[in-house]
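Now for the letters of each chain:
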Amino acid sequence: MEIDRRIFIASLGGTAAVGLMGDEAKADALEEFMSARLNEAAAQQSAGTAQQTANTPQQFPSMAELEAQIDTRPTRRGVGNLFTARTGNVKRLDKLPAHPRLVDFFTMRFNNTSNHCLQSATKALRSGMSEEVVLACLLHDVVQEIIKVDHGWWGAQLFEPYISEKAAFAIRYHQALRFYADPANGYEYPDLYRRIFGHDYRPEPYIEATYQMVRKHKWYGEARMVTVNDLYAFDANAQVSLEPFVDIIGRNFKQPKEGLGYDNSPVAHMWRTIERPDAPL
Ligand SMILES: [Fe+2]
Ligand SMILES: [Fe+2]
């Protein structure tokens, strides 16, 4: 398979980010990049097939069909990316520096979510969103490295001690808002959710209640903009880099001098878990 070096480097966050990576991490990243390309090629092929049968409506699984798959897998769907391999075995992780910063986690631990989040933050930056919205977009899904279930709530909790209340609000509630269309603000219900939740999925009562609360809240716009700038498909050609966000992080993220995981904050253990997911207990 031919690899475009520029796209590969950009997908990792640019040359500066690559410079921080160890050889093993680079090799792993290359493998991951290639498998993403393969998936993309397969998706394009099936899209071609889908176009040929344009008169046939798109097929999405039902909730019952998705539930029937649960005991066909070795791991549950909500498991974080760091704890399971998509194919084969998990990889060894490079050691983080002594006082790890957010950018270290981005380049060395958020390997499965950073591209998606950088694409989302780039879109927000280009459309002139506030720094708080751009930051919320940059951070909105990275907690999926440890857990996917209720990732809006987990994600807001992970970042709450270090960012504004408004940015944490936007991260927490993007999860509920994404199930509710808001065409006036440019948000339609994505086909992706028909595929992963089932075409007959209806949000649970706690999600519905959360949505009703958030839509009347003064910060509804911020949370909604995370869903508007979210990406619902992997764009293989997107050129992303952490570079444009370094100053925004500097102004809006209170980096603890002891390092994330070592500042005795109520969420320090969550950062240590991301740092050392191979610890047995
Ligand atoms: Fe999300
Ligand atoms: Fe997302």
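In the block above lies the structure referred to throughout.
Reading guide: rules and limits
- Residues numbered from 1 in each chain as written.
- Chains lettered and ligands numbered in written order.
- Predicted model: local features only at pLDDT ≥ 70, side-chain atom pairs only at ≥ 80, totals over all residues.
- Heavy atoms only, no water.
- Helix = DSSP H or I, 4+ residues; strand = E, 2+ residues; numbered from the N terminus.
- Buried < 20%, exposed > 50% of the residue type's maximum accessible area, 1.4 Å probe, protein only.
- Contact = heavy atoms within 4.5 Å.
- Areas by Shrake-Rupley, 256 points an atom, 1.4 Å probe, with all protein chains shown as cover.
- Core = buried A, V, L, I, M, F, W, Y, C linked by side-chain atoms within 4.5 Å.
- Donors = N, O, S within 2.8 Å, 3.2 Å for Na, K, Ca; no water.

Draft legend 1. Examining the overall build of the protein chain more closely. Along the backbone of the protein chain there are 14 helices and 0 strands. Moving toward the C terminus, one meets the helices and strands of the protein chain in the order α-α-α-α-α-α-α-α-α-α-α-α-α-α. Relative to its 281 residues, the protein chain shows a buried fraction of 44%. For the protein chain, the proportion of contacts with a sequence separation of at least 24, taken over those separated by at least 6, is 74%. Carbon and sulfur atoms make up 53% of the accessible area of the protein chain, which amounts to about 15,400 Å² in all.

Draft legend 2. Looking closely at the nonpolar core. Among the nonpolar cores identified, the biggest contains 60 residues, and Leu102, Phe106, Leu138, Leu139, Phe159, Ile163 and Trp271 are the most heavily contacted of them. Those residues in contact with phenylalanine 159, other than ones at most four positions away along the chain, are Leu102, Leu139, Val142, Ile171, Phe253 and Trp271.

Draft legend 3. Here's a closer look at the coordination of the iron ion (ligand 1). Those donors, Asp141 (OD), His151 (NE2) and His174 (NE2), are the protein atoms that reach the iron ion (ligand 1), and they lie 2.2 Å from it. A spacing of 3.7 Å is found between the iron ion (ligand 1) and the iron ion (ligand 2), which share aspartate 141 as a donor. On the criterion of sequence distance, the pair formed by histidine 151 in helix 8 (residues 151–159) and histidine 174 in helix 9 (residues 165–177) is long-range, its members being 23 residues apart. Among the residues examined, histidine 151 registers a relative accessible area of 5% and is labelled buried.

These results come straight from atomic positions and should not be treated as a statement about function.
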